[in-house]
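# Structural overview for review
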Amino acid sequence: MISPLVVAVTRTWYFPVMVRDEDGGADADGVPAVPVGRVIGTEDATPLEFWVAVSDGQFLQLDDVVALERTPPGRGPVRIYGVVSQVRARHEGARFDSDVFLIADGVLPAEISEAAFVQATRFEPEVFVPPLPGQLVRKATGAERDQALFFDEMRKSYKALPAGLTRDDEPLYLNLEFLDGTRGAHVNISGISGVATKTTYAMFLLYSLFNSGVLGADALNTKALVFNVKGEDLLFLDHANNQLTDEQRERYERLDLVPGAFRSVEVFAPPRRGDRNGAPDVAARATGVMSFFWTLEQFCKERLLPFLFADAEDERQQYTMVVHNVTARLMEAQPLGEGGVVIEGAPVRTFQELVDVVTAKLSDEDPQEAARWAGRAIGAGTINAFIRRLQGAVDHVEHLIRADLPNPLDHQVRFDAQVSVVDLHNLNDRAKRFVVGVVLRKAFERKERSGQAKPLQFVVLDELNKYAPREGTSPIKEILLDVAERGRSLGIILIGAQQTASEVERRIVANSAVRVVGRLDAAEASRGEYGFLPQVQRQRATIIKPGTMIVSQPELPIPLVVQFPFPAWATRASEAGVAPSPPARADRRDTTEVGRTASDGMGDPFAGFPSP
Amino acid sequence: MRFTVETWAPEYSGAVGAPDAVPEAGTTVVDPNVELPVAEWRPIAPLATSPVPAPRVLFIDGVRRVEATVWISDDGGAVHRGLCASYAAGVVVCDGIAQIVECRLERGLFCSLANGEPIRTRRLDFGLHVVAGGGDALMLAIQKRMARLEVEVAAAHRGEASTIVVDGPLRDGHDDPDLVGYIKTHAVAYGPAIVSDVVAALEVGQRTPLMLLGVPNDRFSWYLRLPGPKAHGWSGIVRLEVLASRSVQEVVAKADALARELPRFASAAHKDPRAPQNLYPIAGLERELRRRLGDAAFVLRELREAATLT
């Protein structure tokens, strides 16, 4: 009569667990994956996030990709994929913090429980049901991992751009469609300078773009304009890095990339002050650097004056009227040859002379004459404000705007090579803005004229906060905004970076489809600009190491933590290994190109491309 | 079988106030002179030379919970009172780490109706236990059933350690000489008046001499003081007992070893309301066992659901 039901239990719950799908699942090869744990029922499981208790003898770590299956009533199985974004371990059975000592002494029995917080990335098919407590969870590997992170579809359409590696050296990809303008464009990178390795990551993305084959036949004609704002880091892009270890080489190969230098690079630097030949002002690199400047004729005809006034468009500033009037008068200057101009009879060969002529005109005793230059009803105070600023600019830009050197047309920033590096690091902020503004406008107009988006023009620019600050307007900011808003259709793609996204014009950040974050300051990480980062990743961003980035792309609901390999190109003179290939235009007359190393590299233009 | 569940929660239906333990009927001291003559009774401090404490100790305990009072209608239409209860027994092994190695769980329907049936809810089974008499007899039957489970668990782990501490006195079926009964409360003072005097004089880690207890079976028993504030003569005192199936010398050695071994398991007042007597491993085991009984509200819901279905 008495039939006691004796249940011996050790780890498992004694209630029959309501699990409908005990199938552990299998990866694409049909090999059943080992379950790592089960969905827990003591925390809410939702279609967006859930907790997984980790089984004995298993572990889950941050960024692991997991999968499980649920079969809702009356439907086929739904695969739920997610990424581990937090893991925790705790003592079960302990009530006081000090119980840990009792447990360690073997006095109090307790269980260590490990649980992982999973954020869902994908439902296949899209039936957004929560996973059920008790369901088995497995690590997603191989094809299943690709599916979890949408890499399968990227690969199918040949749009998978290698973007870095996981800590286990598994490749991670960006969807090119969100970079090339098809569905989105622009990359924005934030992070503390020095530790965030923003520029290095931007260059890695460029290298990946040019060498992974995602651009197809367009890769050859795709151009990049890179502004070097700090140090001489980017002046050696065309040299292989002799510090690259075999281990790092393997990491490139994991991404199907061949490690090496950028193949076609032209480096432009401002001329050294006081140098009669206009030799480039760089310390580390002796050869293969072109100096650049603008002639006075270009300055007048191409209306470059406003770029000297960062706040020229600010309507509260009275003297902007003067800027526009003077610009119009300078348009009327007559060429004098070799870049010089004659302004109303006065020959002008240097920027100082130009400023003197303008100053004299504005201060002319004949009020009619002064008004012709300054504009009607402009007060003397306003004119003086303009003159003061113009005079202030002389020291900073006189070596950039001149007509005292022969063959001035050889000293222009060109877009002939695949990568054009424009060095700004020796320039004062005002001169930097001038150069960036003028070069960007040139690139922009070039794309506008060509009338087609492909091949693409990439622009890499750090310190965006200087050129497009959140407050105020300026001609440079207008151009950057133009790039951000119309660049997608024009095929001009901005890879912008800054220490703090909160200081950069919102529309520029907002228009970037791909957002990247390196090490962030804790106060900065809590700002709304980083709303795309889940809380855990915001915390991680404050401790992230150089070489690691958090990358958010529109297709994936949560950002991925990526590591990128050590640069395969030199970032300083001591790393510069293999000499650069000859320049794209070997016939150029270039006084600065003395002693350039001849090399054998003019052969196969596809050398170094991954074999199809 | 038709049954209904008392709408009042079990703690209101008088089922819970029943006695906590089976009274130790008829226990008498047979001989307090087994280790020392009564005239020489004094606190004994375990010698440093006494055997090293066992590196491996097992603790066994059980818990029980009344889930619901049910009213069962027999074929004649008469209504009988029954109790649905869950109870469990388990083992903790302490050998460097404390680990719960076994938990046995049972659920039962205790009632006086001889031709009743077990209650099956959607997920739980309450096996039928027919009890003669009602009222406190039902509670007592639950207690006995849990004690039986503890005995079974103890038997299953026989020989796994030289010391197996059982929470409560040794009972019928506890026939393993390695078992040590561990009694936390002292409703009865055993032996002559000298016993109480010596108990009051015990310092932490000291024990009284052995005495022989009789009925239901012969046991050696002694008192031990655990660490903790000495608020009164009996604070921190536990009584231990082992079967009188080994020689006095062997039991003395064991008593000394336990006097050195047990104090480290004694609980602190802020961590356990029954400190220091409620030992940490036993408290941990009880907590785990209670957890395994399941959520009381959930079990009650299951029972109510089953009642309406029947």
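Residues numbered from 1 in each chain as written. Chains lettered and ligands numbered in written order. Predicted model: local features only at pLDDT ≥ 70, side-chain atom pairs only at ≥ 80, totals over all residues.

### Thoughts on the overall build of chain A
Looking only at helices and strands, chain A has 16 helices and 24 strands in total. Across the 612 residues in chain A, those meeting the buried criterion constitute 46%. Taking the contacts inside chain A whose residues are at least 6 apart along the sequence as the reference set, 72% of them involve residues at least 24 apart. (Helix = DSSP H or I, 4+ residues; strand = E, 2+ residues; numbered from the N terminus. Buried ≥ 20, exposed ≤ 12 C-beta atoms within 10 Å, placed from the backbone. Contact = placed C-beta atoms within 7 Å.)

### Comments concerning the nonpolar core
In terms of nonpolar packing, the biggest core is built from 169 residues, with V52(A) and V459(A) touching the most fellow members. For V52(A), the contacting residues outside a window of four places in its chain are G37(A), R38(A), V39(A), I40(A), L60(A), V66(A), A115(A), A116(A), V118(A) and V137(A). Core analysis: the second largest hydrophobic core is formed by 91 residues, F59(B), L113(B), V153(B) and M211(B) among them. (Core = buried A, V, L, I, M, F, W, Y, C linked by C-beta atoms within 7 Å.)

### Let's talk about the domain arrangement of chain A
The assigned domain composition of chain A is domain 1 (35-148), domain 2 (160-292 + 408-575) and domain 3 (294-402). The centre of domain 1 of chain A, based on its C-alpha atoms, is set 68 Å off from the matching centre of domain 3 of chain A. (Domains from an automatic or database assignment.)

### What to know about the sheet that holds strand β16 (residues 340-343) of chain A
Residues and elements named next belong to chain A. Strand order in the open sheet formed by three strands is β15-β16-β17, with antiparallel pairing between adjacent strands. Each having just a single partner strand, β15 (334-337) and β17 (346-348) make up the two edges of the open sheet. Strand-to-strand twist across the sheet, computed as the mean angle between neighbouring axes with direction ignored, equals 30°. (Pairing = 2+ DSSP bridges. Axes fitted to C-alpha atoms, helices over the stretch in contact; angles between N-to-C directions.)

### As for the sheet that holds strand β3 (residues 49-54) of chain A
Strands sit in the order β2-β3-β6-β5-β4-β7 (chain A) around a closed barrel of six strands; the barrel is antiparallel. Neighbour-to-neighbour, the strand axes of this sheet turn through a mean angle of 40°, independent of strand direction.

### Things to note about the pairing of strand β20 (residues 457-461) of chain A
Residues and elements named next belong to chain A. With five of its five residues buried, β20 lies for the most part within the structure. The alternating pattern of β20 places Q457, V459 and L461 and F458 and V460 on opposite faces, both of which are buried. Examined bridge by bridge, strand β11 (residues 223-228) and β20 share four bridges and lie parallel to one another. For K223, the partnering residue across the bridge sits in β20 and is Q457. Pairing of β20 with strand β21 (residues 492-498), which is carried by five bridges, proceeds in the parallel orientation. Across the sheet, residue V459 finds its bridge partner in β21, namely L494.

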